[in-house]
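What the coordinates show
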Amino acid sequence: MEVVERKIKLSPGDPMSILGPGDQYLQLIEQKFDASIVARGDTVIVHGAPDEVTQVERVFKELSFILAKAGKLTLHDVTTVLDLIETSASDNISREDLESVIVFAHHDAIRAKTPTQREYYQAVRKNDIVFAIGPAGTGKTYLAVAMAVSALKNREVTRIVLARPAVEAGESLGFLPGDLAQKVDPYLRPLYDALQEMLTAEKVRTFVERGTIEVVPLAYMRGRTLNNAFVILDEAQNATPMQMKMFLTRLGSGSKAIITGDQTQIDLPSRQQSGLIQIQKVLHEVPGIEFVYFNKTDVVRHKLVKDIIDAYEKFHQLPGHGGEEEKATEKQTHS
């Protein structure tokens, strides 16, 4: 096999920024390639197969470009550049590329696609608690799981906890077969589905067995303190006010939380207030907490999903077809 050597000159003052604290970034680059990579002062010497050496050179070129534009590099920048170079033949990686890519799943980038999704992604990067509220199909849960997987991959957290209220939507848990774990599994399945699109089934199974990833009914969160965790509460419109308070007060040091929900799909008994509606009035002025609102223009599922949402909106506006109930919910939300 042909082996070549290439010397890559780093700009003066840049070596420590590009190699990372304690050579952390350099070690990540070394793990990605078979080529030998040695840093000496402001020069990086690469030995290996010609195509590998070219890719390593491109990594350092892109990192130097980003450092010059942004003034600093983060672990997320480095891992994203490595994944983009592995999967893309483009000559330049822009800051927009870096800021839209959340995580790579099976050699495919999961990106924030709509303006609201990008707002959502940036809100999670800047805040420890973010609420994502809007209709089905807008990517609230899927992107939340992607951000959690990214945080785990980048060692920002040590575990992921995904929770959902086990609230009946027109069906009774009592008639489902099996023990309690088997009865609640259908409620948690969408979270497993999202995980398995981003990680191999084997890796998901290993993480679950080790407790690195937990997918649990909301009721199982009581009495716990979650440190260094990325915590997601999905379908939060079906959490009661007390459950919402219980969930939010589980957060420990070094943790982040995302709460997703659609306040037009509340399955609680008619006299029971949704914790998602109440919490918007309770926390709207608390620093470090942000609310992101999606609408039908953010739908990224099948093109008919947007048409279905439109049709329901028109139907509920007709007299005697649920319009009064919808207006009452809207009034409760914003009062």
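The structure reproduced in this document is the subject of the present report. (Residues numbered from 1 in each chain as written. Predicted model: local features only at pLDDT ≥ 70, side-chain atom pairs only at ≥ 80, totals over all residues. Heavy atoms only, no water.)

1. Some points on the packing of aromatic side chains
The final tally for this structure, using the stated rule, is three aromatic pairs. Ring centres of Tyr 120 and Phe 294 lie 5.4 Å apart, and the angle between their planes is 90°; this geometry places the pair in the edge-to-face category. A residue pair is termed long-range when its members are at least 10 positions apart, and Tyr 120 in helix α6 (residues 115-126) and Phe 294 in the loop between β11 (289-293) and α12 (303-316) qualify at 174 residues. You can call Phe 294 buried: its relative accessible area is 7%. Here the aromatic rings of Phe 291 and Tyr 293 are separated by 6.5 Å at their centres, their planes lie at 15°, and the arrangement is stacked. Aromatic rings pair up to connect Phe 131, Phe 291 and Tyr 293 into one cluster. (Phe/Tyr/Trp six-rings, centres within 6.5 Å; stacked < 30°, edge-to-face > 60°. Helix = DSSP H or I, 4+ residues; strand = E, 2+ residues; numbered from the N terminus. Buried < 20%, exposed > 50% of the residue type's maximum accessible area, 1.4 Å probe, protein only.)

2. Description of the side chain of Thr 212
When you line up the elements, Thr 212 lands in the loop between α9 (201-210) and β8 (213-217). On the basis of relative accessibility, which here comes to 16%, the residue Thr 212 falls in the buried class. Beyond its immediate chain neighbours, meaning those up to four positions away, Thr 212 contacts Leu 152, Thr 158, Arg 159, Ile 160 and Phe 207. (Contact = heavy atoms within 4.5 Å.)

3. Focus on the packing of α6 against helix α7 (residues 140-153)
Following both chains from N to C, one finds α6 and α7 inclined at 35°, their axes separated by 11 Å at the closest point. Crossing angle aside, the handedness with which α6 passes α7 is right-handed. Judged by residue contacts, Gln 117, Tyr 120, Tyr 121 and Val 124 of α6 engage Lys 140, Leu 143, Ala 144 and Met 147 from α7. Of the residues contributing to the contact of α6 with α7, the split by class is six nonpolar, one polar and one charged. (Axes fitted to C-alpha atoms, helices over the stretch in contact; angles between N-to-C directions. Left-handed = near helix turned anticlockwise from the far one by under 90°. Nonpolar A, V, L, I, M, F, W, Y, C, P; charged D, E, K, R; others polar.)

4. Some thoughts on the sheet that holds β8
Overall, parallel pairing links the six strands, which are arranged β8-β7-β9-β10-β6-β11 in an open sheet. Edge positions in the open sheet fall to β8 and β11, since each of these has one partner strand only. If you compare each strand with its neighbour and ignore which way they point, the axes differ by 15° on average. Two strands pair when backbone bridges link them, and strand β9 (residues 229-233) and strand β10 (residues 256-261) are joined in this way by four bridges, in the parallel orientation. Each residue of the ladder has a partner; that of Leu 233, found in β10, is Ile 259. (Pairing = 2+ DSSP bridges.)

5. Some points on the sheet that holds strand β2 (residues 36-40)
Overall, antiparallel pairing links the three strands, which are arranged β1-β3-β2 in an open sheet. Each having just a single partner strand, β1 (4-9) and β2 make up the two edges of the open sheet. Strand-to-strand twist of the sheet, defined as the mean angle between neighbouring strand axes without regard to direction, takes the value 20°.

6. Overview of the packing of helix α10 (residues 241-248) against helix α11 (residues 275-282)
Their axes nearest at 8 Å, the elements α10 and α11 cross at an angle of 60°. Considering only the axes of α10 and α11, their crossing is right-handed. Between α10 and α11, the residues in contact are Pro 241, Met 244 and Leu 248 and Gly 275, Leu 276, Gln 278 and Ile 279, respectively.

7. Re a nonpolar patch on the surface
Taken together, Leu 304, Ile 308 and Tyr 312 make up a surface patch of nonpolar side chains, about 320 Å² in accessible area. Take Tyr 312: it is sitting in helix α12. Tyr 312 sits in the exposed class, given a relative accessible area of 52%. (Patch = residues over 30% accessible without salt bridge, like charges linked within 9 Å, V, L, I, M, F, W, Y side chains within 5 Å. Areas by Shrake-Rupley, 256 points an atom, 1.4 Å probe, with all protein chains shown as cover. Salt bridge = Lys/Arg side-chain N within 4 Å of Asp/Glu carboxyl O.)

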